[in-house]
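Chain by chain, the residues run as shown.
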Amino acid sequence: HFNPAVSFGLWAGGKFPAKDLLGYVISQLIGAFAAAAVLYLIVSGKSGFTDIGGFAANGYDSLSPGGFSMTSAFIAELVLTAFFLLIILGSTNERAPKGFAPIAIGLGLTLIHLISIPITNTSVNPARSTSQALFAGGEYVPQLWLFWLAPILGAIIAGFIHKSLFDKE
């Protein structure tokens, strides 16, 4: 998984060891930065390029695509990440039909993006949020706290919910 929120959610759901969290998060950040660097190289190669603008970074208030508040952004990121983790944990549960997890996860993530792009530009992934904000700079960086806290908290809540409802002996 490329997403720190997913790692924390899997940990909370009893599917991932705590001892591996730090290494995964560091690797996820390195991967996200490398991906953003590749995107920057592509975008900056356009004739007449002057700057990257927001570079699809996440934001709230004036940095939200739709002008949504910090509270709206926090709720959206928390709830949508929680649902994402419930989809991941549910579709990969041993009692779920085999072979359908990628379809459920992919369609779930697509729906999450359709809902949240106007609100925050869609995070649900703190590593992706960090890499984009570092390239966009400016006011995006101070807003990163929300795009770490809300997704990770939502993922942990979902992990605990899944574990309490579905992983009983």
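Here we summarise the structure given alongside this text. Note that the coordinates shown come from a computational prediction; the quantities given were computed from them, not determined experimentally.

### Re the overall build of the chain
Part 1 of the reasoning: Within the chain one finds six helices and zero strands.
Part 2 of the reasoning: Along the chain, helices and strands appear, N-terminal first, in the series α-α-α-α-α-α.
Part 3 of the reasoning: Against the 2.2 N^0.38 benchmark of 15 Å for 169 residues, the chain shows a C-alpha radius of gyration of 17 Å, consistent with a compact globule.
Part 4 of the reasoning: Its C-alpha atoms give the chain principal-axis dimensions of roughly 60 × 30 × 30 Å.

### Topic: helix α3 (residues 70–91)
Part 1 of the reasoning: If you check α3, its first and last C-alpha atoms are 31 Å apart, about what 22 residues at 1.5 Å a residue would give, namely 32 Å.
Part 2 of the reasoning: Of the surrounding elements, those touching the buried residues of α3 are α1 (4–12), α4 (101–120) and α6 (144–166).

### Examining α4
Part 1 of the reasoning: Compared with an ideal rise of 1.5 Å per residue, which puts 20 residues at 28 Å, α4 spans 26 Å between its outermost C-alpha atoms and is within 8% of the ideal.
Part 2 of the reasoning: The principal kink in α4, of about 35°, is found at Leu114, preceding the proline Pro118 by one to four residues.
Part 3 of the reasoning: Listed in full, the buried residues belonging to α4 are Ala101, Gly108, Ile112, Ser116, Ile119 and Thr120.
Part 4 of the reasoning: In this fold, the buried residues of α4 make contact with α3 and α6.
Part 5 of the reasoning: Positive phi appears at Asn121, one or two residues downstream of α4, with a value of about 75°.

### Concerning a nonpolar patch on the surface
Part 1 of the reasoning: Judged by side-chain polarity, Met70, Trp145, Leu149, Leu153, Ile157, Ile161, Leu165 and Phe166 come together as a nonpolar surface patch covering roughly 690 Å² of accessible area.
Part 2 of the reasoning: It is α6 that provides the largest number of residues to the nonpolar patch, a total of seven residues.

### Focus on the environment of Leu10
Part 1 of the reasoning: Within the fold, Leu10 resides in helix α1.
Part 2 of the reasoning: Of the residues examined, Leu10 reaches a relative accessible area of 12% and is grouped as buried.
Part 3 of the reasoning: For Leu10 and Ala57, which are 47 residues apart along the polypeptide, the C-alpha to C-alpha distance reads 25 Å.
Part 4 of the reasoning: Sequence-distant contacts of Leu10, that is, excluding residues within four places in its chain, are made with His1, Lys15, Phe16, Leu85, Ile88 and Leu89.

### Section: unusual backbone geometry
Part 1 of the reasoning: Look at Ala56: it is not a glycine, yet its phi comes out positive at around 60°.
Part 2 of the reasoning: When you line up the elements, Ala56 lands in the loop between α2 (21–43) and α3.
Part 3 of the reasoning: Take Ala56: its relative accessible area is 44%, and that puts it in the partly exposed class.

How each quantity is defined
Residues numbered from 1 in each chain as written. Predicted model: local features only at pLDDT ≥ 70, side-chain atom pairs only at ≥ 80, totals over all residues. Heavy atoms only, no water. Helix = DSSP H or I, 4+ residues; strand = E, 2+ residues; numbered from the N terminus. Rg over C-alpha atoms; globule rule 2.2 N^0.38 Å. Expected span 1.5 Å × (residues − 1). Contact = heavy atoms within 4.5 Å. Bend = angle between axes of the 7 residues up to and from the residue. Buried < 20%, exposed > 50% of the residue type's maximum accessible area, 1.4 Å probe, protein only. Patch = residues over 30% accessible without salt bridge, like charges linked within 9 Å, V, L, I, M, F, W, Y side chains within 5 Å. Areas by Shrake-Rupley, 256 points an atom, 1.4 Å probe, with all protein chains shown as cover. Salt bridge = Lys/Arg side-chain N within 4 Å of Asp/Glu carboxyl O.

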